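Here are the chains, one letter per residue:
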Amino acid sequence: MIRLKYNFLAVLIICVVSQFKLNAQDIDFSFQDTSLSIEKRVDILVSQMTLEEKVGQLVNSAPSIPRLNVPDYDWWNEALHGIARNGKATIFPQGIGLGATFDPVLAKKVASAISDEARAKYKVSQSMGNHSRYSGLTFWTPNVNIFRDPRWGRGQETYGEDPFLMSKIGVAFVSGLQGDDDKYLKTAACAKHFAVHSGPENVRHTFNAEPTKQDLYETYFPAFEALVKDAKVEGVMAAYNAVYGKPAAASPYLLKEILRDTWGFDGYITSDCGAVGGIAYKMKYVKTGVEAAAVAINAGTNLNCGSTFKHVQEAMNKGLVTEELINKRTKQLFKTRFRLGMFDKDDKNPYSKIGKEEIHSEEHVQLALETAEKSIVLLKNKNNILPLPKDIKVPYVTGPFANSGDMLMGSYYGVSSNLVTILEGITDIVSLGTSLNYRSGALPFHKNINPKNYAPVVASMSDVTICVVGLTADREGEEVDAIASQDIGDKADLKLPENQVNYVKEIAKQKKGPLVLVVASGSPISLEGIEEDCDAILQIWYPGEQGGNAVARILFGDVSPSGHLPITFPKSIAQLPAYDDYSMQGRTYKYMTEEPMFPFGFGLTYSKTEIKNLTLNKEKLKSKDELNVSVEVSNIGDFDIDEVVQLYISPVKNDENLPNTSLKGFQRISLKKGETKTINFTIKAKDLKVINVEGEKVWRKGAYKVIVGNSSPSKLSEKLGAATPQFSEIILR
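If you're wondering where the values come from, they're calculated on a predicted model, not measured in any experiment.

**Focus: the overall build of the chain**
When you go through the chain residue by residue, the secondary structure sums to 22 helices and 24 strands. At 28 Å, the chain has a C-alpha radius of gyration in line with the 27 Å of a compact globule built from 733 residues. Oriented by its inertia axes, the alpha-carbon framework of the chain measures out at about 100 × 65 × 50 Å. Within the span of the chain, comprising 733 residues, buried residues form 61% of the whole. Put simply, 77% of the contacts in the chain that link residues at least 6 apart link residues at least 24 apart. Summing over all exposed atoms, the chain offers an accessible surface of approximately 28600 Å²; the carbon and sulfur share of this is 50%. The chain carries 85 positive and 87 negative side-chain charges, and their two centres are separated by 3 Å.

Rendered as structure tokens:
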């Protein structure tokens, strides 16, 4: 017994002495030398970490390493349309609204404002020792999954259904988040969710996507490729689901062959939250958490949002992972932290000078207002009932979301002390002599409890009724957040909730003046059965903190609506393929053959646009030629407007499953009444190539239509009020 005690004491002394030597040894702090390359600095730092320390850095909540002066850091942060979940910040319109602006320049401004606020908040948080989740600089934004099906509750986070539009807005947004300094990142953006991920929410942890190679390269990959190649996005998030039988976070095809080897990605790869554990416990792809950690880190995942990578050391002990690979994955994470300047003095980093006055600044509030105005889509304006006069005598504002601040915010939101509801916006803009009246009139998602309701009667005494209906992020959104959804965040159909439909119909029966329907949602809403009762319809998405002012300024003519639909609005789900079918056939404007309710790219203004004199530089092109397109766009109405000019290419003969038509260019322009501008498009040869059934980009010879308009080309677009498009034809040789 005495001998055992002495042996234990000896071991303890040896351990203490060893630890003392480890702590007391000379640390090479030259990794703090900013004159060295980031690669060299990372090598110096990581080479001095123990295996346990390196493994600890592979999870989102990374612990500190005091002896190396490495602070703790939580990688998990959100900034979808403003800094989220981290206190006061400017709330911009939801992602789908930004897509509706068709304005990459504006998208970059919004993202730059967000990253300014992020830098300022980070500085304040650091000064008070707040290193908590959501207080860092690595934002898991943007969501560039294609909004392939309007039932997907998270589609609101994206920029729409078109890969070209998604790429242009996404690249601009990443550029605004990451800044333009040659050495430092302002913040680190992250493209998510890679790949082939867009619902259903209730099976997102377990489904296996098996798209054709044509759909994969035509639809699901382009935005991710653009963000990697053109925007140099710093992070990519692997999705929950499997692709071709392998969980995304454990897919060498996605993470190595495509992302690293083909596209040249040099950033970090994170799993979605809990996805690594899900490889074992939900996917059943492997049996244990140790094996899940091994297959994920071997495939290319650097960071585990979750805790399963804590098993990496055990996986190494079992021969499933090498220490060399652990070093490699850890180094990639520290490259990002060095690029953010986390180990440099403030005077070395220009972004460290951004002060707290940027947080919810008046400039950013005005930018939120401008963005909301440019996102709102006018879908109908019978007899030009809009805009309304500000001295209207008896307007009536009603509907479940007329006075809702919650509706403005969408999902993944921040908080603001300046939410302006639609009722507040209208109250501020109309004459002081106007007898403005308000009643909510209907519960949002359930039948009214009290059978008595005077609210519809008020419409019979009003000069105009403005009814605000729609959804909120409680009804559509991520599976864990949409608490009012019976479909785990998704939608079973595209209709308004029944109580709202009945209320609109009751108002239509009672109304004296025109009925203006204002629809808030992050996805297409079918208005079958009530559209004909409405004199004007505005689609406002989730418009952010200035939504009320933006809606009021449009309703009463301070500004013309100028948003265009970034997604097709079907008449009903009867026009859609099965939700869990990832084939693109029958989906989006590119492949849909049935007539929708409102087409992609559509949006009216308060004026009239004329497009004429389409000219091409060549009628026949070879595989190295560029296509130059010129067209005249005129505002022949009585209102100054912004317009979105859109260029589409359509194969004359299509027997290879090609898109029926494809957006290849767009420009947002301002036109004063009576003004004409000549608009030029340059389409590069590589953008005239098509994706064949093998997923290859090829020069396909034959005839193609070149179409320029202000909506996707269709008879419906013109019937609804879009400009008559101009057509020409080219031959690819």
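**Here's the deal with helix H18 (residues 498-510)**
Helix length check: H18 (13 residues) gives 19 Å between terminal C-alpha atoms against 18 Å at 1.5 Å per residue, within 8%. Within H18, the full set of buried residues consists of Asn-499, Gln-500, Val-501, Tyr-503, Val-504, Ile-507 and Ala-508.

**Structural notes on the confidence of the model for the chain**
Regions with low pLDDT should not have their predicted coordinates read in detail. The predicted model of the chain has a mean per-residue pLDDT of 96, with 97% of residues at 70 or higher. In this model residues 1-22 is a low-confidence stretch, pLDDT under 50, and it forms 1 contact with partners more than four residues away in sequence or in other chains.

**Some words on the packing of aromatic side chains**
With the rule as written, the count across this model stands at 28 aromatic pairs. For the pair Phe-194 and Trp-263, a centre-to-centre distance of 5.8 Å together with 55° between the ring planes defines the contact as tilted. Here Trp-263 lies in the loop between helix H9 (252-262) and strand E8 (268-271) and Phe-194 lies in strand E3 (residues 190-194), a separation of 69 residues in the sequence. With respect to class, Phe-194 is no different from Trp-263; both count as buried. When the centroid spacing of 5.3 Å and the interplanar angle of 20° are considered together, the rings of Phe-207 and Tyr-582 count as stacked. Placement of Phe-207 in the loop between E3 and strand E4 (208-209) and of Tyr-582 in the loop between helix H19 (547-555) and helix H20 (588-591) is noted, with a sequence separation of 375 residues between them. Each member of the pair, Phe-207 as well as Tyr-582, is classed as buried. Taken together, the ring pairs connect Phe-102, Phe-164, Tyr-589, Phe-600, Tyr-648 and Phe-666 into an aromatic cluster. Over the ring of Tyr-412 we find Lys-192; its NZ or CZ atom is 4.9 Å from the centre of that ring.

**Considerations on the sheet that holds strand E12 (residues 464-470)**
Read from one edge to the other, the open sheet built from 6 strands follows the order E9-E14-E13-E12-E10-E11, with strand pairing classed as mixed. Of all strands in the sheet, those bounded by a partner on one side alone are strand E9 (377-381) and strand E11 (437-439). For this sheet the average axis-to-axis angle between neighbouring strands, irrespective of direction, equals 15°. Taken together, the 3 bridges between strand E10 (residues 395-398) and E11 define a ladder with parallel strand orientation. The residue bridging Tyr-396 from the neighbouring strand is Asn-437, located in E11.

**Some points on the sheet that holds E8**
Taken together, 3 strands build an open sheet; the order of strands is E3-E5-E8 and the sheet is parallel. Both outer strands of the open sheet, E3 and E8, are each paired with one neighbouring strand and no more. The mean angle between the axes of side-by-side strands here comes to 25°, regardless of whether they run parallel or antiparallel. Looking at chain direction, strand E5 (residues 235-238) and E8 are connected through 4 bridges and run parallel. Its bridge partner being in E8, Ala-238 is matched across the sheet by Ser-271.

**Digging into the state of the cysteines**
Taken as a whole, this structure holds 1 disulfide when the rule is applied. In this model, Cys-273 is linked to Cys-305 through a disulfide, with the two sulfur atoms separated by 2.1 Å. Its S-S torsion of about 85° marks the bond between Cys-273 and Cys-305 as right-handed, since a negative value means left-handed. With a gap of 32 residues between them, Cys-273 in the loop between E8 and helix H10 (275-281) and Cys-305 in the loop between helix H11 (289-299) and helix H12 (312-317) connect regions that are remote in the sequence. Cys-273 gets classed as buried once you look at its relative accessible area, which sits at 19%.

**Let's talk about the nonpolar core**
In terms of nonpolar packing, the biggest core is built from 125 residues, with Trp-140 and Phe-194 touching the most fellow members. Counting 101 residues, the second largest nonpolar core, distinct from the first, contains Ala-100, Met-597, Leu-616 and Leu-732.

**Considerations on the side chain of Glu-53**
Of note, Glu-53 is situated in helix H3 (residues 51-56). You can call Glu-53 buried: its relative accessible area is 18%. Of the polar contacts made by the side chain of Glu-53, one reaches the backbone nitrogen of Thr-50; its length is 2.8 Å. Contact partners of Glu-53, with chain neighbours within four places excluded, come to Gln-48, Ile-65, Arg-67 and Leu-68.

**As for the packing of helix H2 (residues 38-46) against helix H13 (residues 323-339)**
The interhelical angle for the contact between H2 and H13, taken along N-to-C directions, is 125°, at an axis separation of 9 Å. Classified by the angle their axes make, H2 and H13 are oblique. Classified by chirality, the crossing of H13 by H2 is right-handed. Here H2 contributes Ile-38, Glu-39, Arg-41, Val-42, Asp-43, Leu-45 and Val-46 to the contact with H13, which in turn contributes Asn-327, Thr-330, Lys-331, Phe-334, Lys-335, Phe-338 and Arg-339. The residue inventory of the contact of H2 with H13, partitioned by class, reads 6 nonpolar, 2 polar and 6 charged.

**So, the packing of helix H16 (residues 422-429) against H19**
Where H16 meets H19, the closest approach of the two axes is 7 Å, and the angle between their N-to-C directions is 50°. In terms of orientation, H16 lies oblique with respect to H19. In this structure, H16 crosses over H19, and the sense of that crossing is right-handed. For the pair formed by H16 and H19, the contact residues are Ile-422, Gly-425, Ile-426 and Ile-429 on the first element and Gly-548, Asn-549, Val-551, Ala-552, Arg-553 and Leu-555 on the second. Of the residues assigned to the contact of H16 with H19, the class counts are 6 nonpolar, 3 polar and 1 charged.

Criteria and cut-off values
Residues numbered from 1 in each chain as written. Predicted model: local features only at pLDDT ≥ 70, side-chain atom pairs only at ≥ 80, totals over all residues. Heavy atoms only, no water. Helix = DSSP H or I, 4+ residues; strand = E, 2+ residues; numbered from the N terminus. Rg over C-alpha atoms; globule rule 2.2 N^0.38 Å. Buried < 20%, exposed > 50% of the residue type's maximum accessible area, 1.4 Å probe, protein only. Contact = heavy atoms within 4.5 Å. Areas by Shrake-Rupley, 256 points an atom, 1.4 Å probe, with all protein chains shown as cover. Lys, Arg positive; Asp, Glu negative; His and termini not counted. Charge placed at Lys NZ, Arg CZ, Asp CG, Glu CD. Expected span 1.5 Å × (residues − 1). pLDDT = per-residue confidence, 0-100. Phe/Tyr/Trp six-rings, centres within 6.5 Å; stacked < 30°, edge-to-face > 60°. Lys NZ or Arg CZ within 6 Å of the ring centre and 35° of its normal. Pairing = 2+ DSSP bridges. Axes fitted to C-alpha atoms, helices over the stretch in contact; angles between N-to-C directions. Disulfide = S-S within 2.5 Å. Core = buried A, V, L, I, M, F, W, Y, C linked by side-chain atoms within 4.5 Å. Polar contact = N/O pair within 3.5 Å; in protein donor to acceptor, adjacent residues only side chain to side chain. Parallel < 35°, antiparallel > 145°, perpendicular 65-115°, else oblique. Left-handed = near helix turned anticlockwise from the far one by under 90°. Nonpolar A, V, L, I, M, F, W, Y, C, P; charged D, E, K, R; others polar.

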